[in-house]
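A look at the structure
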Amino acid sequence: MAEKGVQRLTFWEKFQSRYFSKSKYGKLFIYLCLTLWSMTTIFPLVWVVLNSFKNSREIITDTFSFPADPTFQNYLKAFDTVNIGKSYLNSLIMSGSVVFFVLLFGGIAAFAMARMQFRLRGALQMLLIGSLLIPAFATIVPVYKMMIKMDLVNTYWALIIPQTAGNLPFAILVISAYMATIPKELEEASVMDGCSRWKMFTKVFLPISLPSFATVGTFVFLWSYNDLFSSLVLVSQEKVAPIVVLLSNVSSQYGTDYGLMTASIAMTVIPVLIVYLLAQKTFEKGATTGAVKG
């Protein structure tokens, strides 16, 4: 008979503890599986980077080997022929603006949701959760009509405004969940010191909640940077086209120039990897802290 207050382990928990957590062979098996799984992700990236230093003929004849005569011609051609530098700048302007506005408005709204009591607060939270279920494909037609009426199609704002609105519910829910875990004593102490609501947000809650802001910012940047569907509809002209639209045009116009295609893909993916690597520690902390309240 089990003692009162002692939690009994399930069969799977006992099995996992015996054969995986405490067994060196079990740990070796787990590491082997994770290594093999990571190779399925790493190998395509390595393959693209290696082939970006080959000419098209070598890619076709010997695609899985190291470059026999490495060349930067594909990268130079990407800047000269398809103007990839301008597309980089367009992506950074639009994605950076989306991240800024989402964190600004989302942070303020999250503070109100987490630390203030008001009527219809629960209904508003349910509305935010429900909005996450609406895909961008379902809203693109009314959004496109709105952008036409405001004469914003093929401008930076045509992508910044819809993406900001689309990412705000996610930002509010994640940041508010983090802020809700902050001890109430800090809020009471700031009130005793005469802090206004705005000062309380900027001086107390914002610094503590930076991991959640970094997590949201990373996600929003990646989603905005990789949003090909909205970009093709709203900002398709070359002067404002982001990098994903340029990559789509390269594959359709230069489909047989495999060197140019692999170089363009490499330059499209590398900024995403850099953003994630720079924010990795903060991203992991923000993704785990605040996930469970209490």
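Residues numbered from 1 in each chain as written. Predicted model: local features only at pLDDT ≥ 70, side-chain atom pairs only at ≥ 80, totals over all residues. Heavy atoms only, no water.

1. Some remarks on the packing of aromatic side chains
Two descriptors summarise a pair of aromatic rings, namely the distance from one centre to the other and the angle between the planes of the rings. Within this structure, the stated rule accounts for 14 aromatic pairs. Taken together, a centroid distance of 5.4 Å and an interplanar angle of 45 degrees make the contact between F53 and Y75 tilted. In this pair, F53 is assigned in the loop between helix 2 (24–51) and helix 3 (56–61) and Y75 in helix 4 (residues 73–81), connecting sequence segments 22 residues apart. Aromatic pair F170 and F219: ring centres 5.8 Å apart, planes at 85 degrees, arrangement edge-to-face. In this pair, F170 is assigned in helix 8 (residues 157–179) and F219 in helix 11 (residues 210–225), connecting sequence segments 49 residues apart. Through a chain of ring-to-ring contacts, the aromatic side chains of F100, F101, F105 and W157 assemble into a single cluster. (Phe/Tyr/Trp six-rings, centres within 6.5 Å; stacked < 30°, edge-to-face > 60°. Helix = DSSP H or I, 4+ residues; strand = E, 2+ residues; numbered from the N terminus.)

2. As for a nonpolar patch on the surface
On the surface, F100, L104, F105, I108 and W198 cluster together into a nonpolar patch covering about 510 Å² of accessible area. By secondary structure assignment, the location of L104 is in helix 5 (residues 84–115). (Patch = residues over 30% accessible without salt bridge, like charges linked within 9 Å, V, L, I, M, F, W, Y side chains within 5 Å. Areas by Shrake-Rupley, 256 points an atom, 1.4 Å probe, with all protein chains shown as cover. Salt bridge = Lys/Arg side-chain N within 4 Å of Asp/Glu carboxyl O.)

3. What to know about the environment of I84
Examined against the element boundaries, I84 turns out to sit in helix 5. With 184 residues separating them in the primary sequence, I84 and T268 have C-alpha atoms 9.4 Å apart.

4. Structural notes on the nonpolar core
By size, the foremost hydrophobic cluster in this structure holds 51 residues, and its most contacted members are I84, M179, F205, V216 and L234. Ranked by the residues each element gives to this core, the list is headed by helix 5, at nine residues. Once residues within four sequence positions are removed from consideration, M179 is found in contact with G107, A110, F111, A114, R115, F201, F205, S209 and F213. (Core = buried A, V, L, I, M, F, W, Y, C linked by side-chain atoms within 4.5 Å. Buried < 20%, exposed > 50% of the residue type's maximum accessible area, 1.4 Å probe, protein only. Contact = heavy atoms within 4.5 Å.)

5. Here's the deal with unusual backbone geometry
Outside of glycine, negative phi angles account for most residues, and trans bonds account for most peptide bonds. Despite not being glycine, L120 shows a phi value in the positive range, around 65 degrees. Structurally, L120 can be placed in the loop between helix 5 and helix 6 (121–131). Of note in this structure, N154 is not a glycine but carries a positive phi near 65 degrees. Tracing the backbone shows N154 in the loop between helix 7 (136–149) and helix 8.

6. A closer look at the confidence of the model for the chain
Residues with a pLDDT of 70 or more make up 85% of the chain, whose mean pLDDT is 82. No element of the chain has a lower mean pLDDT than helix 1 (residues 11–21), which averages 58, and none a higher one than helix 8, which averages 92. Here residues 1–6 is a poorly scored stretch, pLDDT under 50, and it has one contact once near neighbours within four places are set aside; other chains count. (pLDDT = per-residue confidence, 0-100.)

7. Points about helix 14 (residues 258–278)
Helix length check: helix 14, at 21 residues, gives a terminal C-alpha distance of 30 Å against a target of 30 Å (1.5 Å per residue), a fit within 8%. Here helix 14 has its buried residues at G259, L260, M261, T262, A263, S264, A266, M267, T268, P271 and V272. (Expected span 1.5 Å × (residues − 1).)

8. Considering the environment of F72
Relative to the assigned elements, F72 resides in the loop between helix 3 and helix 4. A C-alpha to C-alpha distance of 8.5 Å links F72 and K54, two positions 18 residues apart in sequence.

9. A look at the side chain of E187
Structurally, E187 can be placed in helix 9 (residues 184–192). Take E187: its relative accessible area is 8%, and that puts it in the buried class. Only 3.0 Å separates the side chain of E187 from the side chain of R115, close enough to count as a polar contact. Not counting chain neighbours up to four residues away, the residues in contact with E187 comprise R115, R197, M200 and F205. (Polar contact = N/O pair within 3.5 Å; in protein donor to acceptor, adjacent residues only side chain to side chain.)

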